[in-house]
Amino acid sequence: MTKLKEILSNPKYQYLLIFFLMLPFFKPACLEEMYLEVILNIYRILKAVAILYVAYTVIKERKIDKIYILVGIYLLIFCGATLINEGIVREALSISISIFFPIYLANYFIRKDAKSFFKGLNLLLEIFIYINFLTIILFPNGLYQGTINKVNYFLGYDNGHINYFLLGMAVSGIHAYLTHGKIISFRSIIMYIICLSSVLIRWTATGVGGLILFPIVLGICYLLKGKWVNVYSLLATAFLVTIGIVIFQIQNLFSFIIVDILKKDITFTGRTTIWARSIENIVNSHFLGKGYADLSQRALENGGKGLVNAHNQILEICYLGGIPLLISFGAIIVVTTKPLYEKRKTSVAWLLSALLFIYGIMMIFEAYNLCHFFLILVFGYNISQVIQEVKS
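Just so you know, these numbers come straight off a predicted model, no measurement behind them.

Conventions and cut-offs
- Residues numbered from 1 in each chain as written.
- Predicted model: local features only at pLDDT ≥ 70, side-chain atom pairs only at ≥ 80, totals over all residues.
- Heavy atoms only, no water.
- Helix = DSSP H or I, 4+ residues; strand = E, 2+ residues; numbered from the N terminus.
- Rg over C-alpha atoms; globule rule 2.2 N^0.38 Å.
- Buried < 20%, exposed > 50% of the residue type's maximum accessible area, 1.4 Å probe, protein only.
- Contact = heavy atoms within 4.5 Å.
- Areas by Shrake-Rupley, 256 points an atom, 1.4 Å probe, with all protein chains shown as cover.
- Lys, Arg positive; Asp, Glu negative; His and termini not counted.
- Charge placed at Lys NZ, Arg CZ, Asp CG, Glu CD.
- Phe/Tyr/Trp six-rings, centres within 6.5 Å; stacked < 30°, edge-to-face > 60°.
- Lys NZ or Arg CZ within 6 Å of the ring centre and 35° of its normal.
- Core = buried A, V, L, I, M, F, W, Y, C linked by side-chain atoms within 4.5 Å.
- Patch = residues over 30% accessible without salt bridge, like charges linked within 9 Å, V, L, I, M, F, W, Y side chains within 5 Å.
- Salt bridge = Lys/Arg side-chain N within 4 Å of Asp/Glu carboxyl O.
- Expected span 1.5 Å × (residues − 1).
- Axes fitted to C-alpha atoms, helices over the stretch in contact; angles between N-to-C directions.
- Parallel < 35°, antiparallel > 145°, perpendicular 65-115°, else oblique.
- Nonpolar A, V, L, I, M, F, W, Y, C, P; charged D, E, K, R; others polar.
- Polar contact = N/O pair within 3.5 Å; in protein donor to acceptor, adjacent residues only side chain to side chain.
- Left-handed = near helix turned anticlockwise from the far one by under 90°.

## Section: the overall build of the chain
When you go through the chain residue by residue, the secondary structure sums to 17 helices and 2 strands. For 392 residues, the compact-globule estimate of 2.2 N^0.38 gives 21 Å, and the C-alpha radius of gyration of the chain, at 21 Å, lies within 12% of that figure. Seen along its three principal axes, the alpha-carbon backbone of the chain occupies a region of about 65 × 50 × 45 Å. Expressed as a percentage of the 392 residues in the chain, the buried residues total 52%. Relative to all contacts within the chain whose residues are 6 or more apart in sequence, the contacts with residues 24 or more apart total 73%. Summed over all atoms, the accessible surface of the chain reaches about 18800 Å², with 67% contributed by carbon and sulfur. In the chain, which carries 33 positive and 20 negative side-chain charges, the distance between the mean positions of the two groups comes to 10 Å.

## Some points on the packing of aromatic side chains
What describes a pair of aromatic rings is the distance from one ring centre to the other and the angle between the planes of the rings. Here the structure, examined in full by the defined rule, presents 28 aromatic pairs. Measuring from centroid to centroid gives 6.2 Å for Tyr68 and Phe100, while their planes differ by 65°, and the two rings are edge-to-face. You can see Tyr68 sitting in helix α5 (residues 66–84) and its partner Phe100 sitting in helix α6 (residues 89–138), a full 32 residues away along the chain. Take Tyr68: its relative accessible area is 9%, and that puts it in the buried class. Centre to centre, the rings of Tyr359 and Tyr368 are 5.9 Å apart; their planes meet at 80°, and the pair counts as edge-to-face. For Tyr359, a relative accessible area of 0% puts it in the buried group. Feature note: the residues Phe25, Tyr53, Tyr56, Tyr68, Phe100, Phe101, Tyr104, Tyr108 and Phe109 constitute an aromatic cluster, connected by ring pairs. The ring of Tyr341 has Arg344 lying over it, and the distance from NZ or CZ to the ring centre is 4.2 Å.

## Some thoughts on the nonpolar core
Counting 123 residues, the largest nonpolar core has Phe26, Phe117, Phe118, Leu211, Phe373, Phe374 and Phe379 as the members making the most contacts within it. It is α6 that contributes the most residues to this core, 19 residues altogether. Aside from chain neighbours lying at most four places away, what touches Phe118 is Ile110, Val171, Ile174, His175, Leu178, Phe379 and Val386.

## Description of a nonpolar patch on the surface
Taken together, Ile247, Phe248, Ile250, Leu253, Phe254, Phe256, Ile257, Ile279, Val283, Phe287, Ile323 and Ile327 make up a surface patch of nonpolar side chains, about 1100 Å² in accessible area. Secondary structure elements with two or more residues in the nonpolar patch: α11 (255–261), α12 (271–284) and α14 (313–342). Note on Phe248: relative accessible area 61%, which makes it exposed.

## Here we look at the pattern of salt bridges
Per the counting criterion, the structure on display carries 7 salt bridges. A salt bridge links Lys290 to Glu301; its shortest N-O distance comes to 3.0 Å. Note that Lys290 is positioned in the loop between α12 and α13 (295–302) and Glu301 in helix α13, a separation of 11 residues in sequence. What makes Lys290 partly exposed here is its relative accessible area of 23%.

## Details of helix α4 (residues 37–61)
Since the α-helix advances by 3.6 residues per turn, residues separated by three or four positions end up pointing in the same direction. Between its terminal C-alpha atoms α4 stretches 36 Å, which fits the 36 Å expected from 25 residues at 1.5 Å a residue. Among the residues making up α4, those that are buried are Leu40, Tyr43, Leu46, Ala50, Tyr53, Val54 and Thr57. If you follow the buried residues of α4, they end up packed against α2 (14–22), α3 (29–33) and α6. Of the residues one or two after α4, Arg62 is the one with positive phi, at around 55°.

## Digging into helix α8 (residues 186–202)
Over its 17 residues, α8 extends 25 Å from the first C-alpha to the last, a length consistent with the 24 Å expected when each residue adds 1.5 Å. Those residues of α8 that are buried lie in contact with α6, α7 (161–180) and α9 (205–224). Phi for Trp203, located one or two positions after α8, is positive at around 50°.

## Overview of the packing of α7 against α8
Contact pair α7 / α8: the axes reach a minimum separation of 9 Å and the direction vectors enclose 170°. Accordingly, the angle class assigned to the pair α7 and α8 is roughly antiparallel. Taking contact as the criterion, the partners of Phe165, Gly168, Met169, Ser172, Gly173 and His175 in α7 are, on α8, Arg187, Ser188, Met191, Tyr192, Cys195, Ser198 and Val199. Residues that form the contact of α7 with α8 fall into these classes: 6 nonpolar, 6 polar and 1 charged.

## Describing the side chain of Thr336
In this structure, Thr336 sits in helix α14. Assessed through its relative accessible area of 1%, Thr336 is described here as buried. Polar contacts involving the side chain of Thr336 include one to the main-chain carbonyl oxygen of Ile332, which spans 2.6 Å.

## Some words on the packing of α6 against helix α16 (residues 370–381)
Contact geometry for α6 and α16: axes closest at 10 Å, N-to-C directions at 45°. By the angle class used here, α6 and α16 are oblique. Judged by the sense of rotation from one axis to the other, the crossing of α6 with α16 is right-handed. From α6, Ser98, Ile99, Pro102, Ile103, Ala106, Asn107, Ile110, Arg111, Phe117, Phe118 and Leu121 reach across to α16, where they touch Cys371, Phe374, Leu375, Val378, Phe379 and Tyr381. Along the lines of polarity and charge, the residues of the contact of α6 with α16 split into 14 nonpolar, 2 polar and 1 charged.

See below:
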């Protein structure tokens, strides 16, 4: 026990502590669906240890960062809406834990030892993303059949892989910056190639579009050095495109390109119908949200099996907690992106701004687990610490 304590307290092995503390909050979907109970029990133990570690650091530090308060308010609104609407409170609490604690650990360790944090998390995400790629290659028809989606791999249904991919690219790039002074390294290039290959093989349209667009946006950020293209302008662009497509349906103006040339559905595979139904549900909730509901209920509301979310992140947030949750979400973005804007002339800012933009565009068509998105925001929130660690 003493030997283990010495190892964990040694700065040389700090990344291993971070690896195991973050591990329980990155649970591959296959563990739940394939009922691997032994591994699930290990995850439960590790999660309990991580929560106790967070409690210990809170008592030790005796200070609360504003990011914890903002995320806490967001999760309280979410859980409150679930409770009021008699939704599945237990699941809402579970989701809240899976969001809050990794955010706390990321913010805490980046300020304490950014290099060890990104080394540990990079190792974790590389293992998961590479294993997932192998399952795509070895099991083209899927590793297992899920309760909602037929074809699933190590990280679950292919549309959800992008969550890991964007976070993995962010972590890999920052790790390269902390190690070599540049966001591009051999490992970060391999990470991007594996992620892009994964979405190309499975041909998830949203993922393919996002990962092809990423180097283009990053290149523009590099050329303009943050002068016109920065996190504020990029997120504003993503928001305006969202309003244009979801509310005003500007895609109808380009139907000849989408349908006749690209041979795609003008409704984005029925998403416009789901958006309309989601807006109706939001209005019926008096813009206060309906909380986390049973998945079968969501599918019934959306008009089809497997349609368990709004297929748009803003609409999904409004469905879960109404306008209050959306305002809380906006507050988190405003506070966390301010340091990113201030460092807009640095390569790390270009990387994170480009990834947040890609997230914003893909969120038009999908609703994701926000833990990964929030973590990228936390990286931006702590960009000064990352840059300072390289300089020192």
